[in-house]
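# Survey of secondary and tertiary structure
So the chains spell out like this:
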Amino acid sequence: MSDRSGAVQDPLWSGAAGRLGLGEREAGWQRLRTERFDLVVIGGGVVGSGVALDAATRGLSVALVEARDLASGTSSRSSKLFHGGLRYLEQLEFGLVREALRERELMLTRLAPHLVKPVSFLYPLTHRVWERPYVAAGLKLYDSMGGARSVPGQKHLSRAAALRMAPALRRDALVGGVRYFDAIADDARHTMTVARTAAQYGAVVRTSTQVVGFLRDMDRVTGVRVRDCEDGSETDVRASAVLNCTGVWTDELQRLSGGRGRFRVRASKGVHLVVPRDRIISETGLILRTPTSVLFVIPWLDHWIVGTTDTDWNLDLAHPSATRADIDYVLDSVNSVLATPLVHDDIEGVYAGLRPLLAGEDAETSRLSREHAVARVAPGLVAIAGGKYTTYRVMAADAVDAAAPDLPGRVAPSITDKVPLLGADGYHALVNQVDTLGARHGLHPYRMRHLLDRYGSAVHQVLELGSSHPELFAPVPDAPAYLQAEIVYAVSHEGALHLEDVLTRRTRISIEYPHRGEACAAEVAALMATVLGWDEARQRREVDVYCARVAAERDSQTQPDDTAADARRTAAPEARPQLQPAS
Ligand SMILES: Cc1cc2nc3c(=O)[nH]c(=O)nc-3n(C[C@H](O)[C@H](O)[C@H](O)COP(=O)(O)OP(=O)(O)OC[C@H]3O[C@@H](n4cnc5c(N)ncnc54)[C@H](O)[C@@H]3O)c2cc1C
């Protein structure tokens, strides 16, 4: 095996680094088999990862098991905004807005300044007289609730000024505009970083580890049975409490546990398109009203993310697919304001995600917020669902509090508002040193800054790989936004196990390049092989599975409706060979 990462050569568990490599994977399995945990968390989305971090930093022993990859569910497929939610203001839900704005501020300043960045939006006004004071009053409230603490407050613009800021808009599409700020993060990277931080504080974090059963002692849940989705081996994991943090899979896990849930979760599909930055000339993002909701045009490096839709989804939960109709809807919506309309050929990437929305619930549910619900569904079993990405930290604290009656001894209060995520400490100083750092490693300052905004102070670990193997500082062929060292690091430190993990979540090559990762799949698999010890046949299998996925997605995106699109998408094989299909 390779000397590039050290992960394979050093089988000792090195949780202190928050590393998720093969050595940690093996050690994690041993711990799952032999330890009794305070908590087992099911689901490595942002909520489960947040729960693991919350519990570990309260001094609890915790294991997080994820069936597929970190953030492979909804948490890599959102609009990527940390936002207060302007629509809640209209619904007079001031508490929710204040809470979300507090979280946004914490992320921007203390917990994840390397990952979470301010982003501005232009709201084009379309009605004269009444609309400007209406929007101004709402945004004034937004700003006063914390919306303008570390980012600028609202700014009012005439039509001419708004058009100077967003020349892509049609002149007759607005009578003026208002600009305000929210925040954005790469959701998959943020979730993975939360999980790594939990590992840093001692949590077992194990992907490709599916819960396939629950352990019970009479009516009490005492643990779970898990299956390694790579080799099919199984073991029991014992814990004082189990937390179901599986988003749209909540009901499925509830059924598996054999008990009745206190609330149900339904899935609503949202589709986003990715288009090149030069197709919409604007120095700000856009927020547009649609008949039922809003449409965002969000700046994303050299691209725009445009979305989203909102439709019920009752088909495959792991691979929701976008239809031709979804794509047409998003294009039509944004084209209603653009001087030069977007066409299908402009689309670089498409992704679909499922919102875990609360459905039926009974009177005993402790619904702590209009957005999320937490319930101790049985002794030893807590379920949490709903909510939004922005408030994951609050949800996590609520979930651990709800499990407290099942834990021996007193449980310390949540402290995650004081726990910076991995890479946050030292980030600002490194930004000031970006020129020196770049010069030392032979990297352009722009590239260096890009790396800092992905890894924070953990960038040193990535740079070390390149120092010992300078060829790794070369860009990935056909995906030059990423360095080859980042591919190796994704496997050695960030828990990627399959080509899909690297191309869709550790990097965003699958949505940022029109080839959707196919053009560089073989090279990326070869880089991964140096750490994972893949032979040529295994590399070929990874490439074949990934390309089949891309082909199935492309095919599904030409279909007229969900049923046809789902049939095309689910025809592609799973990357994880031993994943148990949903019953
Ligand atoms: C289109 C869209 C746009 C959105 N935009 C925003 C936004 O801009 N801002 C915002 O704040 N929120 C947004 N949201 C909401 C936000 O993304 C979700 O609320 C959040 O990501 C849900 O996280 P989760 O951890 O609950 O679920 P998930 O991320 O889905 O995680 C659940 C995990 O459980 C795992 N799992 C399932 N079964 C098992 C099993 N048997 N064993 C082990 N693991 C299992 C799954 O593999 C999955 O990884 C958006 C959502 C959508 C769909």
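All chains use their own residue numbering, which begins from 1 and follows the written sequence. Given that this is a predicted model, residues contribute local features only at a pLDDT of at least 70 and side-chain atom pairs are listed and counted only at 80 or more, while totals for whole chains, interfaces and linings are drawn from all residues. Hydrogens and waters are ignored; side-chain quantities use all the structure's heavy atoms.

## Side note on the packing of aromatic side chains
Each aromatic ring pair is described using two quantities: the centre-to-centre distance and the angle formed by the ring planes. Basically, it comes down to this: Classification of ring pairs uses Phe, Tyr and Trp, with its six-membered ring standing for Trp, and accepts pairs whose centres are within 6.5 Å; under 30 degrees between planes counts as stacked, over 60 as edge-to-face, and the remaining range as tilted. Here a helix means four or more residues in a row that DSSP labels H or I, a strand means two or more in a row labelled E, and each is numbered from the N terminus. Residue exposure (1.4 Å probe, protein chains only): buried if accessible area is under 20% of the type maximum, exposed if over 50%, otherwise partly exposed. A positively charged side chain is recorded as over a ring if its NZ (Lys) or CZ (Arg) lies within 6 Å of the ring centre. The angle to the ring normal must also be within 35 degrees.
On inspection of all chains with the given rule, the structure shows seven aromatic pairs. Ring centres 6.2 Å apart and planes at 85° place the aromatic pair Tyr142 and Tyr180 in the edge-to-face group. Placement of Tyr142 in helix H5 (residues 131-147) and of Tyr180 in strand E6 (residues 176-184) is noted, with a sequence separation of 38 residues between them. Tyr142 gets classed as buried once you look at its relative accessible area, which sits at 0%. The ring of Trp300 is capped by Lys80, whose NZ or CZ atom sits 5.9 Å from the centre of that ring.

## Notes on helix H9 (residues 324-335)
This is how the line gets drawn: Any helix carries an expected span of 1.5 Å times its number of residues minus one. Polar contact criterion, stated in full: a pair of N or O atoms within 3.5 Å, where within protein one must be able to donate a hydrogen and the other to accept it, and residues adjacent in sequence count only if both atoms are side-chain atoms.
Spanning twelve residues, H9 covers 16 Å between terminal C-alpha atoms, matching the ideal 16 Å at 1.5 Å per step. Among the residues making up H9, those that are buried are Asp326, Ile327, Val330, Leu331, Ser333, Val334 and Asn335. Sitting at the amino-terminal end of H9 is Thr323, which places a side-chain oxygen 3.3 Å from the backbone nitrogen of Ala325.

## Details of unusual backbone geometry
Backbone geometry follows two general trends: most residues other than glycine have a negative phi, and most peptide bonds adopt the trans configuration. For the bond from Gly307 to Thr308, the omega torsion is 25°, close enough to zero to count as cis. Mapped onto the secondary structure, Thr308 falls in the loop between strand E14 (303-307) and strand E15 (311-313). Of note in this structure, Met218 is not a glycine but carries a positive phi near 55°. Accessibility expressed as a relative area gives 76% for Met218, which makes it exposed.

## What about the site of the ligand?
Rules: Near is defined per residue: the residue qualifies when any heavy atom it owns lies within 4 Å of the molecule or strand. Shrake-Rupley sampling with a 1.4 Å probe provides the accessible areas, and residues are treated as covered by the protein chains on show and by no other component. Classes in brief: Ala, Val, Leu, Ile, Met, Phe, Trp, Tyr, Cys and Pro nonpolar; Asp, Glu, Lys and Arg charged; the others, Gly included, polar.
The ligand sits among 37 residues. The nearest are Glu66, Thr74, Ser75, Leu81 and Thr390. A distance of 3.1 Å separates a nitrogen atom of the ligand from a polar backbone atom of Ala67. For the ligand, the protein covers 96% of the area, taking 1,000 Å² as the surface of the free molecule. If you list the elements that add at least two residues to the shell around the ligand, you get helix H2 (46-57), strand E8 (209-217), strand E11 (263-276) and strand E16 (349-361). Its residues placed into classes, the shell around the ligand shows twelve nonpolar, 19 polar and six charged.

## Notes on a nonpolar patch on the surface
Note the threshold: Nonpolar side chains (Val, Leu, Ile, Met, Phe, Trp, Tyr) within 5 Å and like charges within 9 Å form the patches, drawn only from residues with over 30% relative accessible area and no salt bridge. Definition used for salt bridges: Asp or Glu carboxyl oxygen within 4 Å of a side-chain nitrogen of Lys or Arg.
A contiguous nonpolar surface patch, about 260 Å² in accessible area, is contributed by Leu92, Phe94 and Leu141. Looking at Phe94, the relative accessible area reads 31%, which means it is partly exposed.

## Focus on the confidence of the model for the chain
Condition: As a per-residue measure, pLDDT reflects the predictor's confidence and takes values from 0 up to 100. The contact definition used throughout considers only heavy atoms, calling two residues in contact when any of these lie within 4.5 Å.
In this model, the chain carries a mean pLDDT of 94, and residues with pLDDT of at least 70 account for 95%. Counting contacts from residues 363-369, a segment whose pLDDT is below 50, to residues more than four positions away or on other chains yields 15 contacts.

## Some words on the nonpolar core
Which entries qualify depends on this criterion: Definition used in this section: a nonpolar core is a set of buried Ala, Val, Leu, Ile, Met, Phe, Trp, Tyr and Cys residues joined via side-chain atoms within 4.5 Å.
Formed by 50 residues in total, the largest nonpolar core has its most connected members in Leu39, Val51, Val62, Phe82, Val116, Val205 and Leu243. Top contributing element to this core by residue count: H2, with seven residues. Leu39 has contacts with Ala55, Leu60, Ser61, Val62, Ala63, Ala239, Ala241, Leu243, Val400, Ala403 and Leu407, leaving out every residue within four places of it along the chain. Membership of the second largest hydrophobic core comes to 47 residues, among which are Leu437, Leu465, Val488 and Tyr489.

## Concerning H2
For H2, built from twelve residues, the straight-helix expectation of 16 Å at 1.5 Å per residue is met to within 8% by its first-to-last C-alpha distance of 16 Å. Among the twelve residues of H2, twelve are classified as buried, and the element is accordingly described as predominantly covered. For H2, the complete set of buried residues consists of Val46, Val47, Gly48, Ser49, Gly50, Val51, Ala52, Leu53, Asp54, Ala55, Ala56 and Thr57. If you follow the buried residues of H2, they end up packed against strand E1 (36-42), strand E2 (62-65), helix H7 (187-200), strand E10 (234-244), strand E18 (381-386) and helix H10 (392-403). Looking one or two residues beyond H2, the residue adopting positive phi is Gly59, at roughly 95°.

## Digging into the side chain of Asn244
The topology assignment puts Asn244 in strand E10. Residue classification places Asn244 among the buried positions, given a relative accessible area of 2%. A polar atom in the side chain of Asn244 sits 2.6 Å from the side chain of Thr246. Apart from residues lying up to four places away in sequence, Asn244 is in contact with Ile42, Thr250, Leu253, Gln254, Val382, Ala383 and Ile384.

## Quick look at the environment of Tyr546
Mapping Tyr546 onto the fold places it in helix H19 (residues 536-556). The class of Tyr546 is buried, set by a relative accessible area of 2%. Here the alpha-carbon distance between Tyr546 and Gln559, two residues 13 residues apart in the chain, equals 21 Å. Setting aside residues up to four positions removed in sequence, Tyr546 forms contacts with Leu499, Glu500, Leu503, Thr504, Ser510, Arg516, Gly517 and Glu518.

## Description of the pairing of strand E17 (residues 372-378)
Keep this limit in mind: One bridge is not enough; two strands pair if DSSP finds at least two bridges between them.
Of all the seven residues making up E17, six are buried; the element is thus mostly covered by neighbouring parts of the structure. Between E17 and E18, which follow one another and run antiparallel, lie two residues, and Gly380 among them has a positive phi close to 85°.

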